[in-house]
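# Chain and residue survey
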There are 2 protein chains.
Amino acid sequence: MALPVETFFLHPDAQGTLQSQIQQMIAQGILSGRFLRGEKLPSTRKLAAHLGVSRITVTIAYTELLANDYLSSRGRSGYYVSENAPVPPAFEPTRAGTDGVDWTRAIGQRFSGGDMPRKPADWAGYRYPFIYGQADPTLFDHANWRICALKALGQKDFTALTTDYYDQDDPQLIEFIARHTLPRRGITARPEQILITLGAQNALWLTTQVLLTQRRRAALEDPCYHALRDILSQSRCHVTPVRVDADGMPPDAIPPDTDVIFTTPSHQCPTTGTMPMHRRHELLRRAAGMDALIVEDDYEFEMSFLRSPSPALKSLDTDGRVIYVGSFSKSLFPGLRLGYLVGSEPFIREARALRASVLRHPPGHVQRTAAYFLSLGHHDALIRRMGSTLHERREVMADAIARNGLQISGQGANGGSSFWMQAPAGVDTRELARRLQARGVLIEPGHSFFSGPEQPTGFYRLAYSSIPVQRIASGVALVASEIQEMAGLALTAG
Amino acid sequence: MALPVETFFLHPDAQGTLQSQIQQMIAQGILSGRFLRGEKLPSTRKLAAHLGVSRITVTIAYTELLANDYLSSRGRSGYYVSENAPVPPAFEPTRAGTDGVDWTRAIGQRFSGGDMPRKPADWAGYRYPFIYGQADPTLFDHANWRICALKALGQKDFTALTTDYYDQDDPQLIEFIARHTLPRRGITARPEQILITLGAQNALWLTTQVLLTQRRRAALEDPCYHALRDILSQSRCHVTPVRVDADGMPPDAIPPDTDVIFTTPSHQCPTTGTMPMHRRHELLRRAAGMDALIVEDDYEFEMSFLRSPSPALKSLDTDGRVIYVGSFSKSLFPGLRLGYLVGSEPFIREARALRASVLRHPPGHVQRTAAYFLSLGHHDALIRRMGSTLHERREVMADAIARNGLQISGQGANGGSSFWMQAPAGVDTRELARRLQARGVLIEPGHSFFSGPEQPTGFYRLAYSSIPVQRIASGVALVASEIQEMAGLALTAG
């Protein structure tokens, strides 16, 4: 690759002759790893013109660098970074003391330190990845996604690809969601009641900013999706965790002065419980009674392979009290970063204005590609295929879990892609996860889903969205053997 | 298109017989525009199984709907929405009184009402679009962008496409920016000092959230980019507008208690002025003296076709005081939504954590496509091509402006894509823009770039990034004739 002449600069305050400045600039570029071995330098004529110096000055500098083996020349074809040039250190030494800013003072608000779930970046290389929420290359319909992406790159879609929508969305995607996706959840919505977001994460964040302030109160499920807790704590509202039972969030445990209730009725995260219809009605009545809003995160409803999902809570909502969060992260892939919010117009208007200020809109090409993939029916076909594979894996999981005497704490009534598990007393699942990782097994310890300082450490999540069916039995057996060993130790210690 | 059976729901609280409920559900779907003429209904067998009712119930419901001409049947191929079915109203009547929520109370923070610039959605259909910042289909390298997007959709890049990066970025894009893009601006940065954002808008927003609070003070240029003013006013910090001169922001006019200075030294927005080197040094000294940070928005540096751009302010920054904002919106296209932040690690760490909470990361495919387009050299070639076209347009613009006696108030020393214009006294450019629009000419009135209640109304922006060169002369002549007419009226009125 040729190094573009525009990357060469003489520092306006530099010392020394022009020739030595040029030498130094190139040597530093090589030493700092900016210029790599074998890369071609600009011709002496070009570099001289760019820097506004005479050509002979550049030629002399190059000759010196040749002599020092920073550069090599290949006859008439020009100058290259020499194959023998000094190698930059793998880790650049920190430039100690150069930062004159007191960052402790300069940073006005801190956002780091949240409970971001971490999986090893190379998780796909593990033999037993019981990890959650990543795309499975053996299930995804890569071929049709490519065709749709290519279609969305066509001349006809130049505007959809390149335009600055300001606060608007791709009308084709909005139309499809309104006409086909939401009706599957029993929801009717006009385009003005829908906002495309950068995934469910972004939808929950926008909702929190619009609805909650330091003076307001949110109720959220305990345990719940970690990132939601971080979002709420950043908003500095009052947060009441409400312990869920097998049917999800119990409405009468929600404090009466709550302003916004966050819930996952179709598929409680992470316990996977399904809220029965009578409790949904009860929850709506309770919210109406205290004039609270409900934010319904309807993630993973597409994975209902055991029986049809119940209609969304939003479909039962007659007075605009429910704000609905949908996502394509599970049914397509999380790197897509596409989700949506459905709610009353005054709410969507504010969420839209905030989104415009924060990021304007999700990239046009991503939206149009999804619109094609959905409207050509590929999404439905993909969901059916994923459903039957997940169904098969789930049966093998359930069987292996039973045979190994592991204890299930929660499992979705409609389907889903994970089991919520409980380890025997005395087994800390953080330690369990560490030990299993060394044996090629990835599980997710459950503590970080819980609120408060006393996070229970006996739960873990076993997901089957990324593990091949033939590895499940041995993987579950490894989990069981490790648990047995740890429980034995705990017993001895006790 | 076939209507998927999953979009059919019986409302759990519905009244009447099952058969009449089914009829009503389908009729309402048609009347509300969810089911369109010619779309195929599920078979009676499928629908019955899905709803859990007997097949004869569905058959009778379908027969009734046939009789009422909601449906038609095509022999053995099934039931379709009839071509004579009632048409839903073009505008759905607002469902008055159904919203039981008092949204005035429920909304905790308002974000709407900002100064979002608006151009007609069909701007490309206007004959003389002197509009700013949109991609020009005649200049963009569509073919190579497609090739790179397709490459980024390959099996090899499945992880980059689909993965949940949490708070991370595409390492290939980061590496290219560090090694090739930033060096062009004289900037050296390690990967940990770079964060990919959803365009410059998102970079400015993240920066504001991290650095500013209600107790802190920002100085910004006046006039400036509208959206930045909205971002700062949402953060509720104290804002001091600093009036720019021909050389950009005058350092000694910045109040001494300022915490963060926002500036566009390479190309002042919107006046296009270039800050001379001695003032850059002066600005850095002043910031160091008051221990303030500087946010440098280096937009449009790529459009330097008249002479090489000066190195970025950030390149002169020896103590980590400058936070640099870059963007691919102008050199690629705004719908891409890709930009980046460069700054000291403690700052980037907080901005990264906030980005993760707000949206996780920009979509993987967008990042990888850009990484390929950049690293294969297409971006450089595109910039050169854009530069020579913009150069030609600029000369024709300058000539037409001079011949028509229009007054230039600011023009970039290095290039750029617009002129900042001043109308004669008494001419309100908002009215000018309205009148010109009716004649097929789009210009941008300048008032909304200014801070405070007394926005000057005599400025306007004439951009040449989207207008074909052969239309420039007649377009400028139309602007001049309309101004002459309005100035004449103003004179008469005065």
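Everything quoted here is computed from the prediction, not taken from an experiment. (Residues numbered from 1 in each chain as written. Chains lettered and ligands numbered in written order. Predicted model: local features only at pLDDT ≥ 70, side-chain atom pairs only at ≥ 80, totals over all residues. Heavy atoms only, no water.)

Next up on the list: the pairing of strand β11 (residues 407-411) of chain A. Residue and element names in this part refer to chain A. Bridging between β11 and strand β12 (residues 418-422) involves four bridges; their strand directions are antiparallel. Within the sheet, the bridge partner assigned to Q407 lies in β12 and is Q422. The antiparallel pairing of β11 with β12 creates a hairpin that spans six residues between the two strands, and G415 there sits at a positive phi of about 155°. (Pairing = 2+ DSSP bridges. Helix = DSSP H or I, 4+ residues; strand = E, 2+ residues; numbered from the N terminus.)

This next bit is on the relation of the copies chain B and chain A. The transform that puts chain B on chain A rotates by 180° and translates by 0.1 Å along the axis, for an RMSD of 0.1 Å. Such a combination of turn and shift is consistent with a two-fold rotation axis. Residue L150 of chain B of chain B places its C-alpha closer to the rotation axis than any other residue of that unit, at 3.6 Å. Both copies contact each other with a shared surface, as 99% of the interface residues of chain B are interface residues in chain A too. (Least-squares fit on C-alpha atoms with pLDDT ≥ 70 in both. Contact = heavy atoms within 4.5 Å.)

This part takes up the packing of aromatic side chains. Tallied over the entire structure, the rule returns 33 aromatic pairs over all chains. When the ring of W145 of chain A is compared with that of F333 of chain A, the centres are 5.3 Å apart and the planes differ by 80°; the resulting orientation is edge-to-face. Taken together, the positions of W145 of chain A in helix α5 (residues 142-151) and F333 of chain A in the loop between β9 (322-327) and β10 (339-342) put the pair 188 residues apart, joining distant regions of the chain. The exposure class assigned to F333 of chain A is buried, which follows from its relative accessible area of 1%. Over the ring of Y80 of chain B we find R74 of chain B; its NZ or CZ atom is 3.7 Å from the centre of that ring. (Phe/Tyr/Trp six-rings, centres within 6.5 Å; stacked < 30°, edge-to-face > 60°. Buried < 20%, exposed > 50% of the residue type's maximum accessible area, 1.4 Å probe, protein only. Lys NZ or Arg CZ within 6 Å of the ring centre and 35° of its normal.)

All names here are of chain A. Domain annotation of chain A identifies domain 1 (5-81), domain 2 (123-135 + 381-493) and domain 3 (142-377). The C-alpha centroid of domain 3 is placed 27 Å from the C-alpha centroid of domain 2. Tallying the contact residues gives 31 residues for domain 2 and 33 residues for domain 3. Between domain 2 and domain 3, roughly 2600 Å² of surface is buried when both sides are summed, and carbon and sulfur atoms account for 58% of that area. Of all residues in domain 2, the largest losses of buried area upon contact with domain 3 belong to N414, F449 and S451, amounting jointly to 27% of the total for that side. Our count for the contact surface shared by domain 2 and domain 3 stands at zero salt bridges. Summed over the shared surface of domain 2 and domain 3, the number is 14 residue pairs in polar contact (both at pLDDT 80 or more). Contributing elements (two or more residues each) for the side of domain 2 that touches domain 3: α13 (378-403), β11 and β12. The residue makeup of the side of domain 2 that touches domain 3, split by class, is 13 nonpolar, 15 polar and three charged. (Domains from an automatic or database assignment. Buried area = accessible area lost by both parts, 1.4 Å probe. Salt bridge = Lys/Arg side-chain N within 4 Å of Asp/Glu carboxyl O. Polar contact = N/O pair within 3.5 Å; in protein donor to acceptor, adjacent residues only side chain to side chain. Nonpolar A, V, L, I, M, F, W, Y, C, P; charged D, E, K, R; others polar.)

Below, the discussion takes up the interface of chain B and chain A. Listed as interface residues are 117 residues of chain B and, on the opposing side, 116 residues of chain A. The contact between chain B and chain A buries some 10300 Å² in all, and 56% of this surface belongs to carbon and sulfur atoms. On the chain B side of the contact with chain A, W103, Y166 and R179 of chain B bury the most area, a combined 7% of that side's loss. Summed over the shared surface of chain B and chain A, the number is six salt bridges. The closest approach of N and O atoms between R105 of chain A and D259 of chain B, which form a salt bridge, is 3.8 Å. In this structure, the connection of chain B to chain A is made through 50 residue pairs in polar contact (both at pLDDT 80 or more).

Now for helix α3 (residues 55-67) of chain A. All names here are of chain A. Here α3 contains 13 residues, and its C-alpha end-to-end distance of 19 Å stays within 8% of the 18 Å for a straight helix at 1.5 Å per residue. The complete set of buried residues in α3 reads T57, V58, A61, Y62 and L65. Projected down its long axis, α3 shows its buried positions confined to an angular sector of 130°, all on one face. Relative to its buried face, α3 has exposed residues pointing more than 90 degrees away, namely I56 and A67. Check the buried side of α3 and you find it contacts α1 (18-31), α2 (44-51), β1 (71-73) and β2 (79-81). (Expected span 1.5 Å × (residues − 1). Arc of directions from axis to C-beta.)

Before going further, it helps to spend a moment on the UniProt feature "domain: HTH gntR-type" (unreviewed entry) in chain A. Here the UniProt-annotated "domain: HTH gntR-type" (unreviewed entry) positions come out as residues 16-84 of chain A. For residues 16-84 of chain A, the helix share is 51%, the strand share is 9%, and the end-to-end C-alpha distance is 27 Å. (UniProt positions renumbered as here; feature names shortened; annotations may be inferred.)

Our focus in this paragraph is the sheet that holds strand β14 (residues 444-445) of chain A. All names here are of chain A. Reading across the sheet, the four strands line up as β11-β12-β15-β14 and stay open at both edges, with antiparallel pairing between neighbours. The two strands at the open ends of the sheet, each matched to only one other strand, are β11 and β14. Pairing analysis gives five bridges linking β12 to strand β15 (residues 459-463), with the strands arranged antiparallel. Within β15, the residue paired with M421 across the bridge is Y460.

Right, let's get into the side chain of R321 of chain A. Take R321 of chain A: it is sitting in the loop between β8 (293-297) and β9. Among all residues touching R321 of chain A, those that are not within four sequence positions of it are A287, A288, D291, A292, L293 and I294 of chain A together with G100 and V101 of chain B.

Here we take up the pattern of salt bridges. Residue and element names in this part refer to chain A. Overall, the coordinates contain 56 salt bridges over all chains when judged by the stated rule. Among the salt bridges present, the one from D428 reaches R430, with a minimum N-O distance of 2.8 Å. With a relative accessible area of 22%, D428 lands in the partly exposed category. Owing to a relative accessible area of 34%, R430 belongs among the partly exposed residues under this scheme. Within this structure, E431, R434, R435, R439, E482 and E485 form a network of salt bridges that share partners.

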